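Coordinate analysis (summary)
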Amino acid sequence: MASLRKGSIAASLFWLSAGWLVLALVATGFLLTDLYSRALDTSLSETLDFHVESLTGSLLETDDPTSDAIALTDPRFNRPRSGWYWAIRDADGTLYNLSTSVVGIDLPVLMGPADSRGRRTAIMEDVFGTQMRVVERTVTVAPTTYQIVVTGNLSEIRELVGDFRGQTFIVLGAVGVMLAIMSAIVARFAMRPISKLSHAIESVRAGEAGAVEGTYPREIAPLAEEVNELLRSNAQIIERARNQVGNLAHGLKTPIAVLRNEAATSHGPLAEAVMSESDKMSTMVATYLERARLAARTSVVGKRADAGAIVQRLARVMRKIHPEVTIDFSADQGLPWFRGDEADLEEMAGNLLDNACKWSRGQVSVRLSTAAGGTGTMLLIRIEDNGPGLSAADAEKVLRRGVRLDEKTPGSGLGLDIVKELVDVYGGDLALKRSDLGGLLVELRLPTARQSASTKPNAT
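Residues numbered from 1 in each chain as written. Predicted model: local features only at pLDDT ≥ 70, side-chain atom pairs only at ≥ 80, totals over all residues. Heavy atoms only, no water.

Our next topic: the pairing of strand β4 (residues 131–141). Relative to β4, strand β3 (residues 119–125) is paired through seven bridges, and the arrangement is antiparallel. Across the sheet, the residue bridging to Thr121 is Val135, located in β4. Hairpin connection of β3 to β4: five residues between the antiparallel strands, including Gly129 at a positive phi of 85 degrees. Here ten bridges tie β4 to strand β5 (residues 144–153), and the two strands are oriented antiparallel to one another. Its bridge partner being in β5, Thr138 is matched across the sheet by Gln147. (Pairing = 2+ DSSP bridges. Helix = DSSP H or I, 4+ residues; strand = E, 2+ residues; numbered from the N terminus.)

In C-alpha cells:
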C-alpha cells in the first residue's frame, strides 16, 4: 500500500500493532495449550481415581483379591502395551490380580508418603517407552493390607496436546492475518486526512491553490489553519520588506544625485573622489534593490510557468533578433513546469540564449529535459553554441559580478549576474562547460512544479 511506505506514520502504527498482535497471539496460543494440557491431565487423574475406587469397591465386596469378579470394564485395560494397567498386590509385592494388558512389564512401586486419602501419584515410563501417570492406593482388608495400582497413558495426552497446539496456532495465525489486514486498512484510512492535507499544501506550493482548502478532522484542522496563517504572514512580511528596501533605495537616490551634480561642476581631487564613490553607491543601491525585488518574487509560493512554451517562444524571438544564427530547439515529452515566476524564467533563459547567439558562429542548440537533483526532479535547460567557448578558469571568472572577457561584444556584463542571482534565489544550479559543438555549454537546473494538463511544446 502506498500509505504504508517505510518511515510513514501509517507504517509505524501498522508494524507496532502487528508486533503486539503477534506477541499476543503467540502468548494466547501457549496459554490455551497449557490450559488444555492441564484439563486433560486433570481428567486423566480423575479417571484413574475412579478406577482405583472401582477396584477398591470390588475388593471389599468379594473379600478375595484373586477373584475374577474384580475387573474394569474399560477396554483399554485389555490391550497389551496400551499404558493402561492395573494390579493388586500386598505390601511385600506379591501379585494377587492384574489386568490383561499387563504383559511383559513390572508395575512400578511408588515411594514416599501418601496423601490424606492414602494415595500416591507419579509419572513414569514403562519398558516400551510409554509415559504413564500412576496412582496407587493402600487398602486394608483384615488382616491383609493391599496396594491397588492403576496407570493411564500420559503419552496419548501429550500427543493430543501437540495436535491441539498445532491446530491452535493455525487458527490464531489465520486470525492474526485477518487482524493485520484490518490494522493496515485502519491505518490507511486513519492517515487519509494527513495525505489530503499534504496534497493541499503541495497544491499551494505548485500554484494550483492560494491557500490550504478542505475539511479536516479536529486533530488536524488547527494544522491546516496554521499553515494558511503562515502563508498570509509570510506574504505580508515579504511585502513590508520589499517596500522598506524600495523606500530606502529611492530615498538614497536623491542625495546621491545631488553629490554627483556637485562633483560634476567642481574640479580637483575631492570632486573626483566624490564622483567615483557616488557611482559606487548608485551601483550598490541598484544591486540591492534588484535583489530585494527578486527575493520578494521568488519567496511567495504558488507560482509556476510552462518552461517548454516559454523557452520555445524565446527561441523564436532570438531567430528574429539574430537571423544569421540557426537555433535548434527540442523538449522532452511530458516536461514538468518551472516552479517560479514566468518573468524570472524568461530573464534567465533569455540572457543565456542571447549570449549564446552573440558568441556563436552561426549555430545554437537549446534542449529541455529533466535531471535528478538533491530535492527531486529538476528542470534541465541546455544551451550550447559553436563559438570559441571558455576555458575552465574563464568559466569560473565570467560568473563573477560585472566581469567581461571581451569588451568588444555589446553588453554590460551584468546579464550573467542577474541569471546567477535568480538561480541562487530559486535554489537551482548554473554550470558552464565545453560543448560538443565546439563552443560553450550552459546547463541551467531549476526546481519543478506539478505537470500541467496544458499542451506541451513539440520539438522544432
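So, about the packing of helix α1 (residues 9–62) against helix α2 (residues 154–190). Contact geometry of α1 with α2 gives a least axis separation of 8 Å together with a crossing angle of 160 degrees. As judged from the angle between their axes, α1 and α2 are roughly antiparallel. Of the two possible hands of crossing, α1 and α2 adopt the one that is right-handed. Taken together, the residues of the contact of α1 with α2 sort by class into 21 nonpolar, eight polar and three charged. (Axes fitted to C-alpha atoms, helices over the stretch in contact; angles between N-to-C directions. Parallel < 35°, antiparallel > 145°, perpendicular 65-115°, else oblique. Left-handed = near helix turned anticlockwise from the far one by under 90°. Nonpolar A, V, L, I, M, F, W, Y, C, P; charged D, E, K, R; others polar.)

Before going further, it helps to spend a moment on the confidence of the model for the protein. For the protein, mean pLDDT is 81; residues scoring 70 or higher make up 87% of the total. Mean pLDDT values for the elements of the protein range from 71 in helix α5 (residues 269–299) up to 93 in strand β6 (residues 326–331). Within the model, pLDDT remains below 50 along residues 452–460, and this stretch shows 21 contacts once partners closer than five positions in the same chain are excluded. (pLDDT = per-residue confidence, 0-100. Contact = heavy atoms within 4.5 Å.)

A few words now on the packing of aromatic side chains. By the definition in use, this model includes five aromatic pairs. Ring centres of Phe30 and Phe169 lie 5.4 Å apart, and the angle between their planes is 70 degrees; this geometry places the pair in the edge-to-face category. One end of the pair, Phe30, is in helix α1; the other, Phe169, is in helix α2, and 139 residues separate them in sequence. A residue is classified by how much of its surface remains accessible, and Phe169, at 28% relative accessible area, is partly exposed. A ring pair is formed by Phe338 and Tyr426, whose centres lie 5.1 Å apart and whose planes are at 65 degrees; its orientation type is edge-to-face. With Phe338 in strand β7 (residues 337–338) and Tyr426 in helix α9 (residues 415–426), this pair connects stretches of sequence that are 88 residues apart. For the pair Phe338 and Tyr426, one class covers both residues: buried. We note Arg76 situated over the ring of Trp84; from NZ or CZ to the ring centre the distance is 3.7 Å. It is Lys196 that lies over the ring of Tyr216; its NZ or CZ is 5.2 Å from the centre. (Phe/Tyr/Trp six-rings, centres within 6.5 Å; stacked < 30°, edge-to-face > 60°. Buried < 20%, exposed > 50% of the residue type's maximum accessible area, 1.4 Å probe, protein only. Lys NZ or Arg CZ within 6 Å of the ring centre and 35° of its normal.)

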